[in-house]
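# An overview of the molecular structure
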Amino acid sequence: MSKRIAIFTSGGDCAGLNAVMRAAVLRADALGWEVIGIENGTAGLLDNPPRYKVLSPDDFNGTVMRMGGTILGTTNSRNPFAYEMPDGSIKDRSDELISALKALDIESLIGIGGDGSFEILGRLVKQGGLNFVGVPKTIDNDVHMTDFAVGYDTAVAVATEALDRLQPTAASHDRVMVLEVMGRDAGHIALTAGIAGGADVILIPEIPYEIEKIAEKIQSIKENGRNFALVIVSEAVRTPDGKKYEVVYHGGETRYGGIGDYLGVKIAEATGFETRVTVLGHVQRGAEPTYNDRLLAAVLGVKAVELLAEGTFGRMVAVQGGDVVDVAIEDAIKECNIVDVNGKRVHTARSLGISFGD
Ligand code: F6P
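Here the structure is a predicted model, which is why all the values come from computation and not from measurement.

Parameters at a glance
- Residues numbered from 1 in each chain as written.
- Predicted model: local features only at pLDDT ≥ 70, side-chain atom pairs only at ≥ 80, totals over all residues.
- Heavy atoms only, no water.
- Near = heavy atom within 4 Å.
- Polar contact = N/O pair within 3.5 Å; in protein donor to acceptor, adjacent residues only side chain to side chain.
- Nonpolar A, V, L, I, M, F, W, Y, C, P; charged D, E, K, R; others polar.
- Helix = DSSP H or I, 4+ residues; strand = E, 2+ residues; numbered from the N terminus.
- Buried < 20%, exposed > 50% of the residue type's maximum accessible area, 1.4 Å probe, protein only.
- Contact = heavy atoms within 4.5 Å.
- Patch = residues over 30% accessible without salt bridge, like charges linked within 9 Å, V, L, I, M, F, W, Y side chains within 5 Å.
- Areas by Shrake-Rupley, 256 points an atom, 1.4 Å probe, with all protein chains shown as cover.
- Salt bridge = Lys/Arg side-chain N within 4 Å of Asp/Glu carboxyl O.
- Pairing = 2+ DSSP bridges.
- Right-handed = clockwise from strand over helix to strand, strands pointing away.
- Domains from an automatic or database assignment.
- Buried area = accessible area lost by both parts, 1.4 Å probe.

## Regarding the site of the ligand
By nearness alone, every residue bordering the ligand is listed as Asn-76, Ile-139, Asp-140, Met-182, Gly-183, Arg-184, Glu-235, Arg-255, His-282 and Arg-285. In this structure, Asn-76 approaches the ligand through a side-chain N or O atom, which is 3.0 Å from an oxygen atom. Within the side chain of His-282, one N or O atom sits 3.0 Å away from an oxygen atom of the ligand. Residue composition of the shell around the ligand, by class: two nonpolar, three polar and five charged.

## Here we look at the environment of Asn-131
Mapping Asn-131 onto the fold places it in strand β7 (residues 131-136). Exposure remark for Asn-131: the relative accessible area of 16% places this residue in the buried category. What Asn-131 contacts, discounting residues up to four positions off in sequence, is Glu-107, Ser-108, Leu-109, Leu-308 and Phe-313.

## Notes on a nonpolar patch on the surface
Taken together, the side chains of Tyr-291, Leu-295, Val-299 and Val-324 define a hydrophobic patch exposed on the protein surface, amounting to about 380 Å² of accessible area. Here the element with the most residues in the nonpolar patch is helix α8 (residues 291-310); it accounts for three residues. One can find Leu-295 in helix α8.

## Some thoughts on the pairing of strand β1 (residues 4-9)
The buried count for β1 comes to six of six residues, which makes it a mostly enclosed element. Here β1 shows a buried face lined by Arg-4, Ala-6 and Phe-8 and a second buried face lined by Ile-5, Ile-7 and Thr-9. Bridge count between β1 and strand β2 (residues 34-38): four bridges; the pairing is parallel. Bridge pairing in β2 places Ala-6 opposite Ile-36. A crossover connection joins β1 to the parallel β2 through helix α1 (residues 17-30); in handedness this β-α-β unit is right-handed. Alignment of β1 against strand β6 (residues 108-113), held across five bridges, turns out to be parallel. Counted as the bridge partner of Ile-7 is Ile-110 from β6.

## Concerning the pattern of salt bridges
One pass over the structure, following the stated rule, counts 23 salt bridges. A salt bridge links Asp-326 to Arg-315, with the shortest nitrogen-to-oxygen separation between them at 2.7 Å. Placement of Asp-326 in strand β15 (residues 323-328) and of Arg-315 in strand β14 (residues 315-320) is noted, with a sequence separation of eleven residues between them. We classify Asp-326 as partly exposed; its relative accessible area is 22%. Between Arg-350 and Asp-358 there is a salt bridge, with the nearest N and O atoms lying 2.7 Å from each other. For Arg-350, a relative accessible area of 39% puts it in the partly exposed group.

## Describing the domain arrangement of the chain
One frequently used descriptor of interface size is the decrease in accessible area upon assembly of the parts. According to the domain assignment, the chain contains domain 1 (4-150 + 289-320) and domain 2 (155-285 + 341-351). With centres defined by C-alpha atoms, the gap from domain 1 to domain 2 works out at 33 Å. At the junction of the two partners, domain 1 supplies twelve residues and domain 2 supplies twelve residues. Regarding the contact of domain 1 and domain 2, the summed buried area is about 960 Å², with carbon and sulfur atoms giving 47% of it. For domain 1, the biggest contributors to the area lost against domain 2 are Asp-13, Ile-139 and Asp-140; these three give 52% of the whole. On the surface where domain 1 and domain 2 come into contact, there are four salt bridges.

Below, the structure written as structure tokens:
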């Protein structure tokens, strides 16, 4: 097997990516392997000349493992099977990408990505006969078959801190504060930060809600003598009649966004409370990784290299119930890990008197 392996980050960035790289580079170095970091997801391989850098333990001596973002760069809009060319046409460049990898004498790959990236990478490695191991990362924590993905813990910490900062200003002004958080179609960030940050109402895409029920909760808070309330809402929550809130960016790409403003108006109308809305956005992705994310990054980065060393490919490293395991990539991408509405965490929230608006 080749002693030159490649590592890259793919999809949206999050905290802890550099820490995964560091762990993989240190473990690979101990095995005498060379590690190439591909830049800008796999897209760096489609440039001429290909964009990559050799990564050595020295690259990770100082601040890098503590930094958010990814020193390699990443992209969530460069699918090699449907690559948008400068003239706007769409081209399948998967064969070019595989040839570029082979030209660099790389046979083993570690991809740090989410479910979307793994789906594309799964096709690519099959087509190219490449040896691949995936490391799950995403603030959304929606990757199936792992309890945690790198980056999620930090995003929750940021969202919790946002609630901590909103509470005193809410209390000072007798206001309802609505905090809109990311998470795509999974409500994990809102649910976990909502419990940790003392939210009164948590709205997640998995649980349908009614404005009247939210208003009842807020009125009961007022009747009990409290002058403020905190609401956390996940970006993919729809209006009660099913309307999706999205932002259309230049070039036509859409992302969730705007449900917080909708709810702010509705809550003010229904309760008479002055309401303000904060959209946390990419702030959740850019933070320094928490110790939990650094630890997860270390464990999964080391495990990924060890799988390559023992010749186990086509797997995603994962944590399940405290154990470090590996699962088939095909199984990991079969479904999305959304919030279990009958699960323990929702039960805990309900037991604390938190309303889901249902
Ligand atoms: O998947 C991670 C995520 O941050 C989602 O929570 C969010 O909906 C999306 O990416 C934002 O994407 P972009 O960085 O392209 O705006």
